[in-house]
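The chain contents come next:
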Amino acid sequence: MLQKKRKREEAEVPQAGMADIAFLLLIFFLVVTTIDVDTGIGMQLPPPPDPDQEPPPIRERNLMNILVNAQGLILINEEPASIQEVEQLVTDFVDNANRAQDPNLSEDPRSAIVSIKTDRQTPYEIYIDMLDEVIGAYRQLRNEASQSEFGISYREYRNRVPREDDVIRELYPQNISLAEPDPGS
Amino acid sequence: MSKFQKKQAGTKQQVPTAAMPDIIFMLLIFFMVVTVLREVELQVRVDFTRADNIEKIEQKRLVSYIYIGPEILGGGQYGDTRIQIDDALIDDVYAIRRLMYDKLMEEPRLIVSLRVDQRSEMGVVYDVQEELREAGTLRINYSTLRGDQAPM
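Positions within a chain are numbered from 1, following the residues in the order the chain's sequence is written. All chains are assigned letters beginning at A, and all ligands numbers beginning at 1, according to the order in which they are written. Predicted model: local features are reported for residues with pLDDT of at least 70 only, side-chain atom pairs are reported and counted for 80 or more only, and whole-chain, interface and lining totals are derived from all residues. To get the side-chain values, all heavy atoms of the structure are used, and hydrogens and water are removed first.

S.K.: I would appreciate a short explanation of the overall build of chain B in the present structure.
M.R.: Each helix is a run of DSSP H or I of at least 4 residues and each strand a run of E of at least 2, with the numbering of both proceeding from the N terminus. Across its full length, chain B carries four helices and seven strands. Order of helices (α) and strands (β) in chain B, N terminus to C terminus: α-α-β-β-β-β-β-α-β-α-β. When each of the 152 residues of chain B is scored for burial, the buried share is 41%. Residues count as neighbours in contact if any of their non-hydrogen atoms are within 4.5 Å of one another. In chain B, once contacts between residues fewer than 6 apart in sequence are set aside, the share between residues at least 24 apart is 69%. Between buried and exposed lies partly exposed: a residue is buried under 20% and exposed over 50% of the maximum accessible area for its type, with that area taken using a 1.4 Å probe on protein chains only.

S.K.: Honestly, empty space enclosed by the protein in this entry has me stumped. Any pointers?
M.R.: Gaps left between atoms are located by rolling a probe of water-molecule size over the structure's atoms. In this analysis, the protein atoms alone were mapped onto a 1 Å grid. Cavities are point sets where a 1.4 Å probe fits without being able to get out; pockets are open sets with protein on both sides within 12 Å along at least five of seven lines; lining residues have an atom within 4 Å of a point. Grid points are joined across faces, edges and corners, and a volume is the space filled by probe spheres set on the points. Within the structure shown, the criterion is met by one cavity of 30 Å³ or more. The space that makes up the largest cavity amounts to roughly 50 Å³. Lining the largest cavity, in full, are Ile116, Thr118, Tyr127, Leu178, Ala179 and Pro181 of chain A together with Met122, Tyr126 and Gln129 of chain B. Where the lining of the largest cavity is concerned, the elements lending two or more residues are strand 5 (113-118) of chain A together with helix 4 (122-135) of chain B. The dominant element in the lining of the largest cavity, judged by the number of residues it contributes, is helix 4 of chain B, at three residues.

S.K.: When you look at the pairing of strand 6 (residues 111-116) of chain B in this model, what are you seeing that I'm missing?
M.R.: Residues in a regular strand point their side chains to alternate faces of the sheet. All names here are of chain B. In terms of burial, strand 6 is largely enclosed, as six of its six residues are buried. Of the two faces of strand 6, both are covered, the one formed by Ile111, Ser113 and Arg115 as well as the one formed by Val112, Leu114 and Val116. Here strand 3 (residues 63-74) runs beside strand 6; their pairing, made up of six bridges, is parallel. Along strand 6, the bridge assignment pairs isoleucine 68 with valine 116. Note: strand 6 against strand 7 (residues 139-146), three bridges, orientation parallel. When the sheet's bridge partners are listed, serine 113 is paired in strand 7 with asparagine 141. For two strands to be treated as a pair, DSSP must find at least two bridges joining them.

S.K.: Hey, could you run me through the environment of arginine 139 of chain B in this one?
M.R.: Residue and element names in this part refer to chain B. Along the chain, arginine 139 turns up in strand 7. Using a relative accessible area of 38% as the deciding quantity, one classes arginine 139 as partly exposed. Put simply, arginine 139 and valine 112 are 27 residues apart on the chain and 6.3 Å apart in space, counted from C-alpha to C-alpha.

Geometry only, nothing functional implied.
Okay, here's the thing in structure tokens:
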């Protein structure tokens, strides 16, 4: 019995099949794998409101009200606007201190707040288009600031500096407020 | 050592295939690690909307998904807008609070990815967001495709 076993040990384990098995598994995982990256618009929600605390006062000029109704019509500070204009309007509003210095627009980019309000019936698609424009305006501003300060694009700058030391982000903090939607009709 | 050399000299020269399984195994392990098997069965339809100013989520392990869209009834029929988390449809919006809070306790750096059908109404999305605020999961991501990307 013992001798027999010893004899077997001398014979090699056949390894030719191993590659085939590994190949099969490999092909299975190759097929199953989807190397897709999730993309989307990142947002930071505000913490839940404290019922004992009054919301901080905001000066009228620092607030940009964007209203979008269910038909996709846009009202910016009581004036109708089209979706193509939004990016420019937001840029003018946020960066007012460095541009036109209009007394009706924001004091400085740090205190500027963009408020987006929709109807409950507004399609999600329209809301995202809107948000996209606002984010685009901020991205543009940050990029410009980064170019003039450091001579590199904001994307590159962000990769080099830790989030806490990001002066550009601090300069243009992207205050977007999502207001409670109107019940609508 | 000398024994080894002798052996080699004795055999006929061949392309060594002994290392091949190792290479294959390395590839295999790579793909096994990279693979994220689809863990949920979608019960709602989600047609992604498009946007240009988007960012990538690098750490997929931190992401938890919430699906919002019309319920798939089968036979090409769609029902009312429903919310799906993991494998279950949520009937009560307030249940999201507890669910997400539990997830947040497990992973403090949780990112909630909202996968919303483009024709859904904002009311539902807002209600979900309010629940997320209450749960304390404040990092969210509106899942969208790149503007020029072909639909999935």
